[in-house]
Amino acid sequence: MYSELNNLKVVGLAAAVSGTWDSVREKSTEDEAVINKFIRTTGVEGRYSASPRQCTSDFCYAAAEKILKEKNIDRDEIGVLVFVTQTSDYRLPATACVLQNRLGLSTDCLAFDVNLGCSGYVYGMTIIGSLLMSTRSRYGLLLAGDTSAREQSQIERRKVGHSAELLFGDSGTATLIEKTPSEPILVSSYTDGARFKAIVSPFEGYRNCDRPEAEVPGTRMDEIEVFNFATAEVPGQINDYMKVLGTTSEDYDCLVLHQANLMILKRIGKKTGFPKEKVLKSLNKFGNTSSSSIPITIVDRYGEADEDHVIHALCCGFGVGLSWATIALPIHVKDVFPLVHTDDYYDDGYPRGEEAE
C-alpha cells in the first residue's frame, strides 16, 4: 500500500542509550572462534544495555527532551504523540499517556502506543503523519524504541539460554514532525501475517497465558525464515518504490535499513544498487535495536556532523509481523542531534519485585 504525506517535515531527530556498553567479547561465554564468527556474520561488536530499572520510555523521554529543549518548542503545540515499541512499561495504560505527562504536553494531545518492532519506525511515520494532516496541531512527536537486550538478560537470569542474547541492544528515539509547506512524502507498507511465527513471543500474553515449563520464555526467531524474507521481499519493495518515484540510488545520500544483521544489510544494498559506502551501519555499536534502529543509525552518522545541508535518506524497516515499509525522508543535518546517554529512570511509586532490583 502506498500512502502520501503532504506538507510535513522532520525537524528534529534524537536518540538515547544508557551509559553501559557491553562488549560481545566480554559478555559471551563462548570460545573465541564462535565469537569471531558471530561478529563477522552479524556485525555486532557490542551494545548498550538498560539498567534493571530503565525502560524504553526512559530513553524516548530523554531523546524527546533533547529535541524540545534544543529547538525551544512550545509543548502546547504538540497535538499527537505516538509511542512505537514492543517493550512498553505496562500492560495498561498505554505508555504514551504517561509520556504525555512526563514531557509536559497539553492534555489537548492524542497519545497512544503501537505494538510493532523492526518496521515500526516507518509505520509510525505513516500513522503520525496521517494524524497530523487531519488535525489542527502544528507538531507531532514519534517515539520509537525497545529494550530487547533487557528482555534477553531476564531470560538469562532464569537460567534459560537464547541464541539472540548478544544480538539486541537497548535504546529509544524521538522524531519531531512539523506541519509546514513541503514536498509530498511517499510511504510503501506491506504485511504478511501468514508468517507471524517467524518472530513471535507466544506465551504469557492473553492467547497463551501460561508458559509450559519446557518452553523458552520471551521472543523466538526463525533466523533462516527471517533472512529469506528480508533478502527477497525487502529489495523488491525498495526497487519498486524507487521506480514509482522515478529515482535511483544516485538520488539518495544514504540507505538506512533496519539493522537486522550485517549479512542482510549487504545483500539488500547489493540488490538495490546502493554502493556499500551509502548503506549506513550502526550494528557494531548498538546491535539490533528493533524499532529505533533506523533513527539511531541516522543519529550515529549525522548527530556529530558539522554540516549545513539536507540529506535524502531512503529508509526501510522490516521484520516482526511479518511487516515491511519504505520511506524517503529529507532531513537537515542540523536537526539531527548528538547521541544522548542517560541512566535516569521514572519512579512511578509502585513496589518492585525481586527480579527487577
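The notes below deal with the structure included here. (Residues numbered from 1 in each chain as written. Predicted model: local features only at pLDDT ≥ 70, side-chain atom pairs only at ≥ 80, totals over all residues. Heavy atoms only, no water.)

1. Side note on the overall build of the protein chain
- Looking only at helices and strands, the protein chain features ten helices and 15 strands.
- Taking 2.2 N^0.38 as the reference for a compact globule, 357 residues should give roughly 21 Å; the C-alpha atoms of the protein chain span a radius of gyration of 19 Å, in line with that estimate.
- Out of the 357 residues in the protein chain, the part that is buried amounts to 54%.
- When the 37 basic and 50 acidic side-chain charges of the protein chain are each reduced to a single mean position, those positions are 3 Å apart. (Helix = DSSP H or I, 4+ residues; strand = E, 2+ residues; numbered from the N terminus. Rg over C-alpha atoms; globule rule 2.2 N^0.38 Å. Buried < 20%, exposed > 50% of the residue type's maximum accessible area, 1.4 Å probe, protein only. Lys, Arg positive; Asp, Glu negative; His and termini not counted. Charge placed at Lys NZ, Arg CZ, Asp CG, Glu CD.)

2. Let's talk about the packing of aromatic side chains
- Inspection of every chain in the model, using the stated rule, returns five aromatic pairs.
- Look at Y190 and W324: their rings are 5.6 Å apart centre to centre, the planes differ by 15 degrees, and that puts the pair in the stacked class. Residue Y190 is located in strand β9 (residues 185-191), and its partner W324 is located in strand β14 (residues 323-332); the two are separated by 134 residues in the primary sequence.
- Judged by its relative accessible area of 31%, Y190 is partly exposed.
- The exposure class of W324 is buried, given its relative accessible area of 7%.
- Within the aromatic cluster, the residues linked to one another by ring pairs are Y190, F229 and W324.
- Just above the ring of Y61 sits the side chain of R102; from NZ or CZ to the centre is 4.3 Å. (Phe/Tyr/Trp six-rings, centres within 6.5 Å; stacked < 30°, edge-to-face > 60°. Lys NZ or Arg CZ within 6 Å of the ring centre and 35° of its normal.)

3. A few points about a nonpolar patch on the surface
- Taken together, the side chains of Y2, Y190 and V244 make up a nonpolar region of the molecular surface, amounting to roughly 260 Å² of accessible area.
- Inspection of the secondary structure puts V244 in helix α7 (residues 223-245).
- Owing to a relative accessible area of 52%, V244 belongs among the exposed residues under this scheme. (Patch = residues over 30% accessible without salt bridge, like charges linked within 9 Å, V, L, I, M, F, W, Y side chains within 5 Å. Areas by Shrake-Rupley, 256 points an atom, 1.4 Å probe, with all protein chains shown as cover. Salt bridge = Lys/Arg side-chain N within 4 Å of Asp/Glu carboxyl O.)

4. As for the sheet that holds strand β15 (residues 340-341)
- Here we have six strands laid out as an open sheet, ordered β6-β5-β7-β8-β2-β15, and mixed in their pairing. At either end of the open sheet lies a strand with only one pairing partner, and these are β6 (110-114) and β15.
- Pairing geometry for strand β7 (residues 139-147) and strand β8 (residues 170-179), over nine bridges, is antiparallel. Counterpart to D146 in the pairing with β8 is S171.
- Against the sheet, helix α5 (residues 120-133) contacts β2 (8-17), β5 (78-84), β6, β7 and β8, and its axis sits at roughly 160 degrees relative to β7. (Pairing = 2+ DSSP bridges. Contact = heavy atoms within 4.5 Å. Axes fitted to C-alpha atoms, helices over the stretch in contact; angles between N-to-C directions.)

5. Regarding unusual backbone geometry
- Looking along the chain, the bond that leaves L92 and enters P93 is cis, with omega of 5 degrees.
- If you trace the backbone, P93 turns up in the loop between β5 and α4 (95-102).
- Geometrically, the link from G321 to L322 is a cis peptide bond, its omega value of -10 degrees lying close to zero.
- Its place among the elements puts L322 in the loop between β13 (310-319) and β14.
- The residue N7 is not glycine, and still its phi comes out positive at about 55 degrees.
- One can find N7 in the loop between β1 (2-5) and β2.

6. Focus: the nonpolar core
- Core analysis: the largest hydrophobic core is formed by 41 residues, its most contacted members being I298 and L329.
- At six residues, α5 tops the list of elements feeding residues into this core.
- Among all residues touching I298, those that are not within four sequence positions of it are L13, V256, G303, C315, I331 and V336.
- The next biggest cluster of nonpolar side chains, apart from the first, holds 36 residues, and it includes I39, L166, L186 and A230. (Core = buried A, V, L, I, M, F, W, Y, C linked by side-chain atoms within 4.5 Å.)

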